[in-house]
Every structure is written in C-alpha cells, then in structure tokens.
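Listed below are the residues making up each chain.
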Amino acid sequence: MDPICHTMVGAALASTGLERRTRFGRATLIIGANLADVDVLSYAWGETAALEFRRGITHGVPALVVLPFFLAGAMVGISRLSGRGREPAAAAADFKWLLSLSAISVISHPVLDFLNVYGVRWLMPFDATWFYGDILYIVDPWMWGILGIALVATFCWRDRDVAGVFARPARAGLLVAFVYIFAMAAGESISRGVVEEGLTEAEIPRLMIAPVPVDPFRRTVVIDGEDHYRLGVVNLLPRPYFRLDERRIPKGESTAARLAAATSDGRNFLRWARFPFFEVDDSEDDPAVYIIDARYTLDRDALFGAIRIPLPQVVSDYEPQSADLGRAASRNLRAESAAGDPL
C-alpha cells in the first residue's frame, strides 16, 4: 500500500490506546508501520535495480523478526538521550512494550503490501518467490476514507473515556477497514469464479483478477496464454458479469527480446514483472527493445511498468561464448528488428 495508508494504520493503532503503554508509543507505531519501506533508498542505484530489490529483504519474514528489535532499541536510545536532565520517571521508556508495539506495526506493513497486485517476497533473502493478494488497489481511497474519518473522530473525542471496543473511533475504524478488506477478498473470489466459468480455453496457465481505483465492484483481468495475453473486465453489479476483450497481446519473444532480457536492466525488470511482453522499435535513429508488464500497462512509454533498452546496449551487454556467435547474434538482432518478425 501507499505510505499514507501505512501511516494512517500506525496512527490508528496508536489511537486505540496502545500509545499510552509507554513513552514514544505513538512514534514507534507510526515509524514501524513504514519501516519496511526503507528499501526505497535502492532507487539511488537506478529504477530497475530498485524494482529488483524492493519488497524483498526488508519485507521478508526474517526482517519481521529483526526490525522490531532494531526499532525498539533505537526508541529506547532516543528516550535516554531526550531524558537527560529530567526526572528519571519522565524519561522512562519500557523496552518490552516498545518491542511489542514495534512488532505489531512492522508486521502490518508487509501484510498490507501483500494485499495488492505488486506483492511481496515473504521468503527473502532465501527465496525470491513473489506472493500476491490481488485484493486492494495499491492506492485505495476507501481505506484512506475509513481510517481518516476514524482518526478525525478520535481527535475530536480525545477527552472522552468510554469503555467498549466501539467507543473509541480508532478501534471502530480498524474494524471497518478489516471488514472492507474481507469484502474485497470475497469480491476477488467471486470474480475469479465468474472468469473461470466464462473462459472457453481448456486450460488457463495463469490469470490475475485485479482491483481498480475507486470502484470496489469492478475488476480487471489478465490471462496468460501460451504466446500472448488476453484482457477482460468483471463487473459485480447488478450481477457478476465477465467481458473478455478480443485483443491478444503478443509476448513478442524473439532474438531481440532474449538479448534485452540478458542485460542487467532486463534481468532486474523481469525478476519483478508478472506478465512481461516485448516490443521492438526498429527505427533507424534510435532502435530499442521495450519490456512491458501487462499487470500495469500496455503503453511502452508509461512512467511505471515499462522500460526501454537501446538496441546497441542490448548487443554490447550480451556476452556470447565466441566472437562468431557475437557477430551472428548482432546480425540476427538487426535483421529481425528491421523485419519485425519474431522467431
């Protein structure tokens, strides 16, 4: 999910009363809810390097064990530094409570990230397999609204102290958010059943049922064929209905595609991409290979979900076993790019 949603979840957890358990309780919950995204620093090494690294080691199960201790220790250190010159009681921060709050908030992050089509790699650094929930859109305005209303109400009612789980707006907001997530999961399951019933293919290797922005009753569909992708839409209201697009998106596998995939940028992108396909631009001035992820876009010039690899770079980055093979690969690449015929 996006940083705003993660921050709201941390603030809502704090507002349930957990922040009162120890000094720096609120700060710990909000920081912990965002801590896994420290991997955003990988963008300093380039976009494709970041795609290959993100939602990996900082989101994996080992990190969920290590990061809470790191955060709790840091908060204790800050507490001691900021408490110098004060009464000991005023500077106290309970490490056990800080560790508990850190664990709750740190775990919330990859759990929420798992719910969208981007996915997480739970087993990193031991296994780079991606896991996808396909339940929530990565920027979900309904989650913003539910949690935002709860936080505003909590601020307005901060001086009231009424017992009961529904008395505190933050608790009610988190409960409503959970119900919303459960309802979206049910919608994904219903949509998948409708899609599988509507397809005439004898076998479906892979498909994705993806939520869309704003409309919780609509899903987009990507179906992985042998050498192409097909797209579709599911509408859940007034009754579940699946419409399959007649277009077929060719995967574009070719010599040029294979050479592009062998570059460092190509490898990084393909480790991240879920439904990749290739397009070759054979223009004389600036030839290139585009790798595009149909999960996000069909537009090779999109700002996200597509990369461009210049053809000269493709040839230079390819490391053949012999000079003859290198010359042959270059000739094939150029000839195929000019003809536009995939192998």
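Residues numbered from 1 in each chain as written. Predicted model: local features only at pLDDT ≥ 70, side-chain atom pairs only at ≥ 80, totals over all residues. Heavy atoms only, no water.

A. Fine view of the overall build of the chain. Helix and strand counts for the chain come out as twelve helices and eight strands. Per-residue burial over the chain gives 45% buried out of 343 residues. Restricting to contacts in the chain with at least 6 residues of sequence separation, those with at least 24 account for 53%. If you sum the accessible surface of the chain, you get close to 17800 Å²; carbon and sulfur atoms cover 61% of it. (Helix = DSSP H or I, 4+ residues; strand = E, 2+ residues; numbered from the N terminus. Buried < 20%, exposed > 50% of the residue type's maximum accessible area, 1.4 Å probe, protein only. Contact = heavy atoms within 4.5 Å. Areas by Shrake-Rupley, 256 points an atom, 1.4 Å probe, with all protein chains shown as cover.)

B. Examining the packing of aromatic side chains more closely. Tallying each qualifying case throughout the model produces nine aromatic pairs. Aromatic side chains Trp-130 and Tyr-132 sit 6.3 Å apart centroid to centroid with 10 degrees between the ring planes, which places their arrangement in the stacked category. Classification of Tyr-132 as partly exposed rests on a relative accessible area of 24%. Centroid distance Tyr-229 to Phe-275: 5.7 Å. Interplanar angle 85 degrees. Geometry classified as edge-to-face. Residue Tyr-229 is located in strand E3 (residues 228–235), and its partner Phe-275 is located in the loop between helix H10 (264–272) and strand E6 (276–281); the two are separated by 46 residues in the primary sequence. Side by side, Tyr-229 and Phe-275 carry an identical accessibility label, which is buried. Each member of the aromatic cluster is reached from another via a ring pair, and the members are Tyr-118, Trp-130, Tyr-132, Phe-269, Trp-272, Tyr-296 and Phe-304. Taking NZ or CZ as reference, Arg-55 lies 4.4 Å from the ring centre of Tyr-118, over its face. Geometry around Tyr-132 places Arg-274 over its ring, the cationic atom sitting 3.8 Å from the centre. (Phe/Tyr/Trp six-rings, centres within 6.5 Å; stacked < 30°, edge-to-face > 60°. Lys NZ or Arg CZ within 6 Å of the ring centre and 35° of its normal.)

C. Molecular detail of the side chain of Arg-230. Within the fold, Arg-230 resides in strand E3. By relative accessible area, which is 8% here, Arg-230 ends up buried. There is a polar contact of 3.2 Å between the side chain of Arg-230 and the backbone oxygen of Asp-245. (Polar contact = N/O pair within 3.5 Å; in protein donor to acceptor, adjacent residues only side chain to side chain.)

D. How the structure looks around the sheet that holds E6. Strand order in the open sheet formed by three strands is E6-E7-E8, with antiparallel pairing between adjacent strands. Whereas interior strands pair on both sides, the edge strands pair on one side only; in this sheet they are E6 and strand E8 (306–310). The mean inter-strand angle of the sheet, taken between neighbouring strand axes irrespective of direction, is 20 degrees. (Pairing = 2+ DSSP bridges. Axes fitted to C-alpha atoms, helices over the stretch in contact; angles between N-to-C directions.)

E. Fine view of the pattern of salt bridges. Counted under the stated rule, the structure contains 14 salt bridges. Between Arg-274 and Asp-134 there is a salt bridge whose closest N-O contact spans 2.8 Å. Note that Arg-274 is positioned in the loop between H10 and E6 and Asp-134 in the loop between helix H6 (95–114) and helix H7 (141–156), a separation of 140 residues in sequence. Of the two residues, Arg-274 and Asp-134, both sit in the buried class. Among the ionic contacts, a cluster of salt bridges with common partners joins Asp-37, Asp-39 and Arg-54. (Salt bridge = Lys/Arg side-chain N within 4 Å of Asp/Glu carboxyl O.)

F. Local environment of helix H8 (residues 169–198). Helix length check: H8, at 30 residues, gives a terminal C-alpha distance of 43 Å against a target of 44 Å (1.5 Å per residue), a fit within 8%. By the burial criterion, the buried members of H8 are Pro-169, Ala-170, Gly-173, Ala-177, Tyr-180, Ile-181, Met-184, Gly-187, Glu-188, Ser-191, Val-194 and Val-195. (Expected span 1.5 Å × (residues − 1).)

G. Main features of a nonpolar patch on the surface. On the surface, Val-38, Val-40, Leu-41, Tyr-43, Trp-45, Leu-303 and Phe-304 cluster together to form a nonpolar patch covering roughly 800 Å² of accessible area. With respect to the element layout, Phe-304 can be found in the loop between strand E7 (288–293) and E8. (Patch = residues over 30% accessible without salt bridge, like charges linked within 9 Å, V, L, I, M, F, W, Y side chains within 5 Å.)

H. Quick peek at the side chain of Asp-224. One can find Asp-224 in strand E2 (residues 218–224). In terms of polar contacts, Asp-224 uses its side chain to reach the side chain of Lys-251, at 2.8 Å.

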